Amino acid sequence: MKIKRIFYSQKAAPFLFVLPFLLSFTVFWIYPLFSTVKMSFQSILPGQIEWIGLTNYEKLLKDTTFHTAIRNSLTYMFFSIALLIPFPMFFAVLMDSNLVKAKGLWKGALYLPALTSVVISGTLFRLMFSELPTGQMNVFLSFLGKAPIPWLKEKGFAMCALLTLCCWRWTGVNMLYFLSGLKSIDTTLYESASIDGASAWNKFRYITIPLLRPTTIYVLTISVYAGLSMFLESFMLWAGNSSPKNIGLTIVGYLYKRGIEKNQMGYASAVGLTLLGMALIINVIQLILNGTFKKEEN
Amino acid sequence: MKRNLTVFLAGAVTAAMILSGCSSKAGTDPKANTDVQESASEDNKEVVNTVGPDSGTHLNMWSFAELHNTFYADMAERWNKENPDRQIQVTFTTYPFSDMHNKLIMALQTGQGAPDLCDVEIGQFPNFLQGDVQLYPLNDAIKPYQNDLVPSRLDVYSKDGNYYGAPTHVGATVMYYNTEILDQYGIDYTKIKTWDDYTEAGRKLNEASDGKVKLTSVDTGGVDWLTVAMSEYGEDWAAGKDGALNVELDSVKNMLTMQQAWLKDGIAMVSPAGIVDLEEGFQNILDGNIASFPKALWFMSRFVNYMPEMKGKIALAPLPVFEEGQNRSVGIGGTGTVVTKQSSDPKLAADFITYAKCSSEGSRQIWEQLGFDVCNTDLWTDAAVTNDSSNQYISFFKTNPFDVLNEVKSEINTLSITKMTPAINDYFCTTTLNEVLQDGKDVDEALKEAQDYLELEQ
């Protein structure tokens, strides 16, 4: 009887139903987050945990390898956003128009890479970007009469390889986001624009882009964090966490190196929190600039 | 309303992604860890294998080299035969190199999930001696064999007077010469005593072969060459005379400057994939692109296992030196097997592993099965072993490995391994060596940067 009363009680039941989520959220998310903050002020060794104040953060400021990692992650984030918003948007508009035949096939083909494992695709890309003349990319270059490039040994080429992998994998996903955004745009707007004699470009410029804005902001927000937290792609491309002159080292790669490989959990926590701070700051600025926090206009 | 939803969604997704953090899938990373010589080309697969009777005490053991586990399994069976009252049953698991070390670090840090016994590569060892050491001291177990063992090989695995690792081999480094190539171009390797002689031979080879054959390949992914140089000058970057870290040593400068000149003059090439001990390196040797390289004696097993075509073509010789009278060898690489405090019966595990690796019986089996220059020096002069022409290693090479070993016996240095060793190796292999040998950066400048970085690390 009592149990039944709880289930039927309008006050208690909702809490009961969200309890499993709250519990797992607390145990797996809230606790680790606070624990990380605590650990970032400690030096942690087996059986020897010491409070060391801001030492970890002071070291981060001077740590040139960490600075390289930040530079790499920021560059990667910037270019991945520059590539992964315009192109998927363009593809989505194409898919939504009558210009393309066999749309399902195209959509499937573009989305398929997202279903593959990065471990496998990364390994394949590593072989394709091999410095040997027989590597796939160098074979293409030789068709163009160019000399082979040591792709994974030079900074610019390495970033190129990372971005190729990134675009190959995520174009389809972003395209789907934009497609769903396009579906929610009222077709009568386009009709009335046509009646007023608007060109295709003007319709895209003045109807599609503004009305796609919520989707664009969403994609931008997740891309900022996805770009900053990239790790596995680089880990697979160099078959491990070390690349020549750290050209493939990312912030999370550095966190892994410190925390897992060198057992410096405290220092790694500081790295992780710096990443969290950077992602939050960039996203908050971006959202403010986009006017997302402004009150809805009537 | 829609906009609020967007804000909420965006915020929630960011939070979710940040909080869930980064899942990591570790793979192998042979190039990164410089002293991986033992592991580099062993397979990356995970293999589980159990030996011994069910009634025996059950032990778990991890290694990063399947060959090692095969050897330990054989020794476990011998142990059971000799110790009917202390039977053991051991489950062996082979993991990829960095996976295994990372797993062990985590298991010891958290106090859960560690095996009873585990192989730890020498370059990684300092990571396991931090804080309150979570390993069981092997002092008592090693005592019966201690007098026969090379002391420096025990010391590298010790902290505060406790020995934590059972050593496998000395890793005496020698020069491997491809006599087929050298004979073809009229070069006599036995005349090479100093690096000047060596450079001269390289010049001659380069001219005679029209630039096709290089005398050697220099490493961007390993510090063997620098270790050789430091040993010759009696210097030590991790802990010099005053115990401080110093990488701006004359030995290191001389070696790197010499190597830059070699690359410029076509005497040497950069090792494909950065080190010799990887598939690409084996191919380079097989293709006859290089005529010599310095490596520890355990590299013999690479010839037997991966380059059988080279049988009868390779000779071993002491290393060239900068100035006559310097040490002509150095111990490189190694594996210390540890017993963890989490073991159900650490004493038994320690007795077994020291028996398997340090006893005369164990040492003989290490030589026969793995081809390593064991730490038990009794074996080096045992004619039944050194003259056994049916042995696969003795019959493979043009020179008898033990002749070379005994010739340089008193000159085999071991550099100290400190908690800075992993960081030094890591920085040189990702940055300094690439800058100096690939990009031709000024040696002094590159070493200065390395020193600055590493001082910060301390």
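Cut-offs used in this document
Residues numbered from 1 in each chain as written. Chains lettered and ligands numbered in written order. Predicted model: local features only at pLDDT ≥ 70, side-chain atom pairs only at ≥ 80, totals over all residues. Heavy atoms only, no water. Helix = DSSP H or I, 4+ residues; strand = E, 2+ residues; numbered from the N terminus. Buried < 20%, exposed > 50% of the residue type's maximum accessible area, 1.4 Å probe, protein only. Contact = heavy atoms within 4.5 Å. Areas by Shrake-Rupley, 256 points an atom, 1.4 Å probe, with all protein chains shown as cover. Patch = residues over 30% accessible without salt bridge, like charges linked within 9 Å, V, L, I, M, F, W, Y side chains within 5 Å. Salt bridge = Lys/Arg side-chain N within 4 Å of Asp/Glu carboxyl O. pLDDT = per-residue confidence, 0-100. Phe/Tyr/Trp six-rings, centres within 6.5 Å; stacked < 30°, edge-to-face > 60°. Lys NZ or Arg CZ within 6 Å of the ring centre and 35° of its normal. Pairing = 2+ DSSP bridges. Axes fitted to C-alpha atoms, helices over the stretch in contact; angles between N-to-C directions. Arc of directions from axis to C-beta. Core = buried A, V, L, I, M, F, W, Y, C linked by side-chain atoms within 4.5 Å. Parallel < 35°, antiparallel > 145°, perpendicular 65-115°, else oblique. Left-handed = near helix turned anticlockwise from the far one by under 90°. Nonpolar A, V, L, I, M, F, W, Y, C, P; charged D, E, K, R; others polar. Domains from an automatic or database assignment. Expected span 1.5 Å × (residues − 1).

**Here we look at the overall build of chain B**
Alright, step 1. Helix and strand counts for chain B come out as 18 helices and 14 strands.
Alright, step 2. Looking at the 458 residues of chain B, the share that counts as buried comes to 61%.
Alright, step 3. Partitioning the contacts of chain B with sequence separation of at least 6, the portion at a separation of at least 24 is 76%.
Alright, step 4. Surface summary for chain B: the accessible area is close to 16900 Å², and the carbon and sulfur share equals 46%.

**Things to note about a nonpolar patch on the surface**
Residue and element names in this part refer to chain A.
Alright, step 1. There is a patch of nonpolar side chains on the surface, built from Ile3, Ile6, Phe7, Tyr8, Phe15, Leu16, Phe17, Val18, Leu19, Phe21, Leu22 and Leu23 and spanning about 1300 Å² of accessible area.
Alright, step 2. Per-element tally for the nonpolar patch: the top contributor is helix α2 (residues 12-39), with eight residues.
Alright, step 3. Structurally, the position occupied by leucine 19 is in helix α2.

**Focus on the environment of glycine 274 of chain B**
All names here are of chain B.
Alright, step 1. When you line up the elements, glycine 274 lands in the loop between β9 (268-270) and α10 (279-286).
Alright, step 2. Since its relative accessible area comes to 4%, glycine 274 is described here as buried.
Alright, step 3. For the pair glycine 274 and cysteine 429, spaced 155 residues apart in sequence, the C-alpha separation works out to 8.7 Å.

**Some words on the confidence of the model for chain B**
It should be kept in mind that the predicted coordinates are not to be read in detail where pLDDT is low.
All names here are of chain B.
Alright, step 1. Mean pLDDT for chain B: 87, with 90% of residues reaching 70 or above.
Alright, step 2. The low-confidence segment residues 13-43 (pLDDT under 50) makes 98 contacts with residues lying over four places distant or belonging to another chain.
Alright, step 3. Of the two predicted TM-score estimates for the complex, the pTM is 0.79 and the ipTM is 0.76.

**Section: the packing of aromatic side chains**
Alright, step 1. Counted under the stated rule, the structure contains 46 aromatic pairs over all chains.
Alright, step 2. Ring centres 5.5 Å apart and planes at 70° place the aromatic pair tryptophan 151 of chain A and phenylalanine 157 of chain A in the edge-to-face group.
Alright, step 3. Note on tryptophan 151 of chain A: relative accessible area 9%, which makes it buried.
Alright, step 4. Measuring from ring centre to ring centre gives 5.7 Å for phenylalanine 299 of chain B and phenylalanine 303 of chain B, while their planes differ by 85°; the resulting arrangement is edge-to-face. Each of the two residues, phenylalanine 299 of chain B as well as phenylalanine 303 of chain B, counts as buried.
Alright, step 5. Connected via pairs of aromatic rings, a cluster forms that spans Tyr176, Phe282, Phe293, Trp298, Phe299, Phe303, Tyr306, Phe396 and Phe397 of chain B.
Alright, step 6. Over the face of the ring belonging to tryptophan 170 of chain A we find arginine 169 of chain A, whose NZ or CZ atom lies 5.1 Å from the ring centre.

**So, the pairing of strand β7 (residues 173-178) of chain B**
Residues and elements named next belong to chain B.
Alright, step 1. Most of β7 is tucked away, with six of its six residues classed as buried.
Alright, step 2. The alternating pattern of β7 places Thr173, Met175 and Tyr177 and Val174, Tyr176 and Asn178 on opposite faces, both of which are buried.
Alright, step 3. Bridge count between β7 and strand β10 (residues 292-296): five bridges; the pairing is antiparallel. Bridging from a neighbouring strand, tyrosine 176 pairs with phenylalanine 293 of β10.
Alright, step 4. Both β7 and strand β11 (residues 314-317) contribute to a ladder of four bridges, which runs antiparallel. From the neighbouring strand, tyrosine 177 faces β11, where its bridge partner is alanine 315.

**Some details on the confidence of the model for chain A**
Alright, step 1. The pLDDT averaged across chain A works out to 90; a share of 98% of its residues lies at or above 70.
Alright, step 2. The lowest-confidence element of chain A is helix α1 (residues 2-8) of chain A, averaging 77 in pLDDT; the highest-confidence one is helix α4 (residues 64-84) of chain A, averaging 95.

**Topic: the sheet that holds β7 of chain B**
Residue and element names in this part refer to chain B.
Alright, step 1. Strands sit in the order β10-β7-β11 across an open sheet of three strands; the sheet is antiparallel. Sheet topology places β10 and β11 at the edges, where each strand pairs with a single neighbour. Sheet twist, expressed as the mean angle between neighbouring strand axes with direction ignored, is 30°.

**Here we look at helix α8 (residues 136-143) of chain A**
All names here are of chain A.
Alright, step 1. Residues of α8 that are buried include every one of Met137, Asn138 and Leu141, and no others. When α8 is viewed along its axis, its buried side chains cluster within an angular range of 95° and face the same direction.
Alright, step 2. Each element contacted by the buried residues of α8 is listed here: α7 (118-128).
Alright, step 3. Trailing α8 by a residue or two, glycine 145 shows a phi angle of about 80°, which is positive.

**Topic: unusual backbone geometry**
Alright, step 1. Of note, lysine 245 of chain A is a non-glycine position whose phi angle comes to about 50°, a positive value.
Alright, step 2. Among the secondary structure elements, lysine 245 of chain A is positioned in the loop between α13 (232-237) and α14 (251-261).
Alright, step 3. Even without being a glycine, aspartate 210 of chain B presents a positive backbone phi close to 60°.

**Details of the pattern of salt bridges**
Alright, step 1. In this structure the tally under the stated criterion is 22 salt bridges over all chains.
Alright, step 2. We note a salt bridge from lysine 257 of chain A to aspartate 426 of chain B, for which the minimum N-O separation is 3.5 Å. Placement of lysine 257 of chain A in helix α14 and of aspartate 426 of chain B in helix α17 (residues 421-438) is noted, with the two residues assigned to different chains. Aspartate 426 of chain B carries the same exposure label as lysine 257 of chain A, and that label is buried.
Alright, step 3. Between lysine 441 of chain B and glutamate 435 of chain B there is a salt bridge, with the nearest N and O atoms lying 3.5 Å from each other.

**A short note on the nonpolar core**
Residue and element names in this part refer to chain B.
Alright, step 1. Core analysis: the largest hydrophobic core is formed by 98 residues, its most contacted members being Trp195, Trp237, Phe428 and Leu454.
Alright, step 2. A per-element tally of this core places α17 first, with eight residues.
Alright, step 3. Counting residues in hydrophobic clusters, the runner-up holds 69 residues, among them Met300, Val304, Met307 and Phe397.

**Describing the packing of helix α12 (residues 213-228) of chain A against helix α15 (residues 265-289) of chain A**
When two helices pack together, you describe them by how their axes are tilted relative to each other and by the distance separating the axes.
Residue and element names in this part refer to chain A.
Alright, step 1. It is at 10 Å that the axes of α12 and α15 come closest, and there the two elements cross at 160°. In terms of orientation, α12 and α15 fall into the roughly antiparallel class. The crossing of α12 and α15 is right-handed. For the pair α12 and α15, contact is made by Ile217, Leu220, Thr221, Val224, Tyr225 and Leu228 and by Leu275, Met278, Ala279, Ile282, Asn283, Gln286 and Leu287, respectively.
Alright, step 2. Across the contact of α12 with α15, the residue classes break down as ten nonpolar, three polar and no charged.

**Some points on the domain arrangement of chain A**
Residues and elements named next belong to chain A.
Alright, step 1. Entries for chain A in the domain assignment read domain 1 (14-51) and domain 2 (55-289).
Alright, step 2. Between the C-alpha centres of domain 1 and domain 2 there is a distance of 30 Å.
Alright, step 3. Listed as interface residues are ten residues of domain 1 and, on the opposing side, nine residues of domain 2.
Alright, step 4. Put simply, domain 1 and domain 2 have zero salt bridges between them.

**Some words on helix α9 (residues 250-264) of chain B**
Residue and element names in this part refer to chain B.
Alright, step 1. Spanning 15 residues, α9 covers 21 Å between terminal C-alpha atoms, matching the ideal 21 Å at 1.5 Å per step.
Alright, step 2. Residues of α9 that are buried include every one of Ser251, Val252, Met255, Leu256, Met258, Gln259 and Trp262, and no others. Here the buried residues of α9 occupy an arc of 160° about the axis, which is enough to place them on one side.
Alright, step 3. Tucked inside the fold, the buried residues of α9 contact α7 (195-208), β8 (216-218), α8 (224-233), β9, α17 and α18 (443-457).

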